[in-house]
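Given next are the chains, with one letter for each unit.
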Amino acid sequence: MLITGAGGQLGRALAEEFPDAIAISRLDWDVTLPAPAGLEADLVLHTAAWTDVDGAEEDPQGASAVNVSGTGNVAALCSSLGAPLVAYSTDYVFDGRKREPYLESDGPNPTSAYGRTKRHAEAAAGERAWIVRSSWLFGPTGNNFLRTMLRLGAERAEIAVVDDQRGCPTYVGHLAAATRAVLELPFGVWHVAADGDCTWAEFAEAIFAEAGLDCRVRRISTAELGRPAPRPAFSVLRSEKGAPALPHWRDGLRACLARLT
Ligand SMILES: NC(=O)c1ccc[n+]([C@@H]2O[C@H](COP(=O)([O-])OP(=O)(O)OC[C@H]3O[C@@H](n4cnc5c(N)ncnc54)[C@H](OP(=O)(O)O)[C@@H]3O)[C@@H](O)[C@H]2O)c1
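Summary of the structure given here. On a predicted model such as this, the values are computed, not experimentally measured, just so you know.

1. Observations concerning the environment of Pro 140
Among the structural elements, Pro 140 can be located in the loop between strand S6 (137–138) and helix H5 (145–155). According to the relative accessible area criterion, Pro 140 is buried, its value standing at 16%. Sequence separation between Pro 140 and Leu 257 is 117 residues, and the spatial gap between their C-alpha atoms is 7.6 Å. Here Pro 140 is in contact with Arg 147, Tyr 171, Val 172, Cys 256, Arg 259 and Leu 260, once residues within four sequence places are set aside.

2. Looking at the site of the ligand
Neighbouring residues of the ligand: 23 residues in total, closest Leu 10, Arg 26, Thr 51, Tyr 114 and Lys 118. For the ligand, an oxygen atom lies 2.7 Å from a polar atom in the side chain of Arg 26. One of the backbone N or O atoms of Leu 137 is found 2.9 Å from an oxygen atom in the ligand. For the shell around the ligand, the secondary structure elements donating two or more residues are helix H1 (9–17), strand S4 (85–90) and helix H4 (113–124). No other element matches the three residues that S4 contributes to the shell around the ligand.

3. Regarding the packing of H5 against helix H7 (residues 200–211)
Between H5 and H7, the least distance of the axes is 10 Å, while the angle of their chain directions is 60°. On the basis of their axis angle, the class for H5 and H7 is oblique. The hand of the H5/H7 crossing is right-handed. Counted together, Phe 145, Leu 146, Met 149, Leu 150 and Gly 153 of H5 and Trp 200, Phe 203, Ala 204, Ile 207, Phe 208 and Ala 211 of H7 form the full contact between these two elements. For the contact of H5 with H7, the per-class residue count stands at 10 nonpolar, one polar and no charged.

4. Examining the sheet that holds strand S2 (residues 22–24)
One open sheet accounts for six strands, arranged S2-S1-S3-S4-S5-S10; its pairing is parallel. The strands lining the two open edges of the sheet, one partner per strand, are S2 and strand S10 (188–191). Between one strand axis and the next, the sheet turns by 20° as a mean value, whatever way the strands run. Bridging between strand S1 (residues 2–4) and strand S3 (residues 44–46) involves three bridges; their strand directions are parallel. Looking at the pairing, Thr 4 lines up with His 46 of S3. On the sheet, helix H3 (residues 60–81) packs against S1, S3 and S4 and is oriented at approximately 175° with respect to S3. Helix-sheet contacts for H4 involve S4 and strand S5 (129–134), and the interaxial angle to S4 is about 155°.

Reading the values: the criteria
- Residues numbered from 1 in each chain as written.
- Predicted model: local features only at pLDDT ≥ 70, side-chain atom pairs only at ≥ 80, totals over all residues.
- Heavy atoms only, no water.
- Helix = DSSP H or I, 4+ residues; strand = E, 2+ residues; numbered from the N terminus.
- Buried < 20%, exposed > 50% of the residue type's maximum accessible area, 1.4 Å probe, protein only.
- Contact = heavy atoms within 4.5 Å.
- Near = heavy atom within 4 Å.
- Polar contact = N/O pair within 3.5 Å; in protein donor to acceptor, adjacent residues only side chain to side chain.
- Axes fitted to C-alpha atoms, helices over the stretch in contact; angles between N-to-C directions.
- Parallel < 35°, antiparallel > 145°, perpendicular 65-115°, else oblique.
- Left-handed = near helix turned anticlockwise from the far one by under 90°.
- Nonpolar A, V, L, I, M, F, W, Y, C, P; charged D, E, K, R; others polar.
- Pairing = 2+ DSSP bridges.

Right under this line is the structure:
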């Protein structure tokens with residue numbers, strides 16, 4: 001088994017879940033280039049990606065090179081090896097106008113450059129692939145909302161957090177474990193995100209409560225925050241096809257905090 005993006009938060013969690021896998025980083029293979037000679041695998045878990053959502057607005061071609069061409073190069077390797085592929089995708093392929101959970105049969109309509117590259121990446125993964133869409137990933141390493149809140153919450157008495165985007169914060173350890181069950185399912189798109197849902201402000205409050213940090217959350221709107229990339233206002237993911245169910249996001253939060261302390 002080969003894991004790309006080994007230095008990323010999901011890549012690390014997968015490397016823990018599948019300790020016999022070969023986990024490779026950008027230094028081993030920059031996926032914008034064809035695969036180096038000598039890579040062998042029966043299965044590829046592809047997590048390497050451009051994940052800077054705002055940065056993708058400024059450099060959509062750079063994001064596309066990693067997410068679309070990169071996934072194409074990984075799919076080409078899989079095809080030459082006869083190996084199936086797990087390609088991780090995102091709730092940001094949806095426009096967020098729905099007010100009920102997004103199901104696998106819902107049509108994507110990404111509103112950001114990042115979301116568009118991930119939508120094209122899903123197509124580039126080919127037919128012998130599981131497309132695992134998840135959302136709002138967090139883990140004990142890397143850049144994520146949980147780690148940012150822990151840092152800011154220790155420094156400040158109050159922090160402004162967006163309260164008009166709703167999704168499913170998903171612990172990478174839970175997603176990595178669920179990947180095992182996905183491998184038993186037919187190829188295709190699967191929604192695999194934490195149970196429950198919340199806004200970023202609610203998630204921040206839960207983080208401070210669970211971590212015992214005395215920091216108030218001031219609820220603001222997406223417009224007030226003024227980030228470059230549009231984000232879906234509502235991107236709760238659920239499965240209509242029997243994808244593995246994940247624990248509640250609050251259990252994921254507790255599991256992650258337990259890892260950090
Ligand atoms: N983060 C989220 O909230 C979220 C939500 C839903 C879905 N996803 C998807 O889940 C997957 C994993 O996300 P993540 O949060 O684990 O991302 P991450 O922590 O940003 O890790 C991505 C990894 O990809 C590597 N990478 C970037 N460009 C590369 C290239 N050209 N060649 C090889 N490696 C490259 C990065 O290496 P460097 O450190 O060297 O840049 C990094 O280690 C991605 O497909 C992402 O789109 C993420």
